[in-house]
Each structure stands twice: as C-alpha cells, then as structure tokens.
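# Understanding the architecture of this molecule
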Amino acid sequence: MSFLFEPENLLPKDGIAIYHGVVYPEKEAAQICQLLLDTIPWKQDEVLMFGKMIVTKRKMAWFADAGITYKYAGVIKKGLSWTADLLQIKAKVESITGSKYNACLLNLYHEGEEGMGWHQDNEVEMVAGSSIASLSLGAQRKFAFKHATSNERLDIDLENGSLLEMKGTIQNNWYH
C-alpha cells in the first residue's frame, strides 16, 4: 500500500492516533457501505446506563473470532462469525496498519447527529496498547478526542472510505 503522505501521530502526547486517510476510493467505499447495509444483521444496541437498560438510536453488529466475548456497559457480547466480505476488509486494514484484529464492531449512524458519548475502549478483555482501527464509510464525519486530565481537544474529519488507527496508551489518556 502506498500513501500520498506518510501517516503520523495526530496526538500531541499520551497515545497514538494515526489517520491513514482514504483507503477505499469513493465509488468502492459506497459499494462496501451498501453491501454492509444490505447484508449485516443490524440491531439496536442495549446498554446499561445509570442502572437502567437503554436502547440506543444507533444500530450495531459485532463480529469476532470463535470464543471471543467482551462486556460492554453491563452486557456480555458474543461475536457473530465473520462474513467473507468482512474478512476481505479486515485483511486490507491489517495490511495497512500492520496489526492483527480478532473482532469488529460495526456502528450504523443514520444521521450526523447520532454518535456515542465520550468513552475509552479499555474493557478488561482488550489487550492494553493494542491497535483499534476505525474505518469510516458512508459520509464524512467528525471524530473528536479529549484528553482525560487536561481536557485538551482535537477534532478531525474522517472522510468517507478513510481509516483511523488508535494504539499505545491512547485508551488510558484520551476519550473519543
């Protein structure tokens, strides 16, 4: 894979966030997005917040290697088996980042107003410092980081078909 620029860390300290830019051109990104819309068994997520079970506006699906589970917001999630299409995407992302991934959380945001609250991906099942890749499909969207102690903020626009990688101590020091 060749890049028009050398990806570099976006964060000034305490973690690594690498924006790889567009890895799927617009036409291919649109085809992949439509394929996922049509073939993924999307469902609204249920999370435990403040002692109550809440159904999210966003839809999601979670795929993982056999035997992989994780607990998020009080609910244990068991991954679905990888589809052939997701395995192709996974292979491309792994070739770009140089990391291996054993799970994939897909989030479907219907409108630009939907999103998640500030959080860190630091569940006990996750290997500390490991790479988390975020592939953005469908539209350009803002992605925000906020430092856990200084409240320093960094907002970036993720282009349709682009890849963001988070690794190192980012999940201990930054919310997104």
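Now for a quick tour of the structure. Within every chain, residues take consecutive numbers counted from 1 along the sequence as written. Confidence filtering applies because this is a predicted model: local features only for residues at pLDDT of at least 70, side-chain atom pairs given and counted only at 80 or more, and all residues used for totals across whole chains, interfaces and linings. No hydrogens and no water enter the side-chain calculation; it runs on all heavy atoms of the structure.

Take the pairing of strand β5 (residues 75–78) next. Exposure classes here rest on a 1.4 Å probe applied to the protein chains alone. A residue is buried below 20% of its type maximum, exposed above 50%, and partly exposed in between. A run of H or I in DSSP becomes a helix once it reaches four residues, and a run of E becomes a strand once it reaches two; helices and strands are each numbered from the N terminus. Of the two faces of β5, the one holding Val-75 and Lys-77 is buried and the one holding Ile-76 and Lys-78 is not buried anywhere. In this description, strands pair whenever DSSP reports at least two bridges between them. In the sheet, strand β4 (residues 69–72) pairs with β5 via four bridges, with the strands oriented antiparallel. The residue of β5 that forms the bridge with Thr-69 is Lys-78.

Next up on the list: the state of the cysteines. Working definition: a disulfide is two cysteine sulfur atoms within 2.5 Å of each other. Following the criterion strictly, the structure yields zero disulfides and no others. Among the cysteines around Cys-104, which has no disulfide bond, Cys-33 carries the closest sulfur, lying 13 Å off.

On to the packing of aromatic side chains. Between rings of Phe, Tyr and Trp, where Trp is taken as its six-membered ring, a pair exists when centres lie within 6.5 Å; planes separated by under 30 degrees are stacked, by over 60 edge-to-face, and by other angles tilted. For the coordinates displayed, the defined rule picks out three aromatic pairs. Among the aromatic residues, those joined into a ring-pair cluster are Phe-143, Phe-145 and Trp-174. Charges are assigned to positions over rings by a cutoff of 6 Å between ring centre and Lys NZ or Arg CZ, combined with an angular limit of 35 degrees from the ring normal. Sitting over the face of the ring of Trp-82, Lys-90 holds its NZ or CZ atom 5.5 Å from the ring centroid.

Here we take up the environment of Gly-117. Mapped onto the elements, Gly-117 comes out in the loop between β6 (103–108) and β7 (132–136). Residue Gly-117 is classed as exposed on the basis of its relative accessible area, which comes to 51%.

We define a nonpolar core as any set of buried Ala, Val, Leu, Ile, Met, Phe, Trp, Tyr and Cys residues linked to one another through side-chain atoms lying within 4.5 Å. In terms of nonpolar packing, the biggest core is built from 18 residues, with Leu-36, Ile-40, Trp-42, Phe-63, Leu-86 and Leu-106 touching the most fellow members. Elements with a contribution of two residues or more to this core: α1 (26–39), β3 (52–64), α2 (84–97) and β6. Top contributing element to this core by residue count: α2, with four residues. The residues contacting Trp-42, other than those within four sequence positions of it, are Leu-36, Leu-37, Lys-59, Met-60, Ala-61, Leu-106, Asn-107 and Leu-108. Grouped together as the second largest cluster of nonpolar side chains are 12 residues, Tyr-19, Ile-132, Phe-143 and Phe-145 included. Residue contacts are counted whenever heavy atoms from the two residues lie within 4.5 Å of one another.

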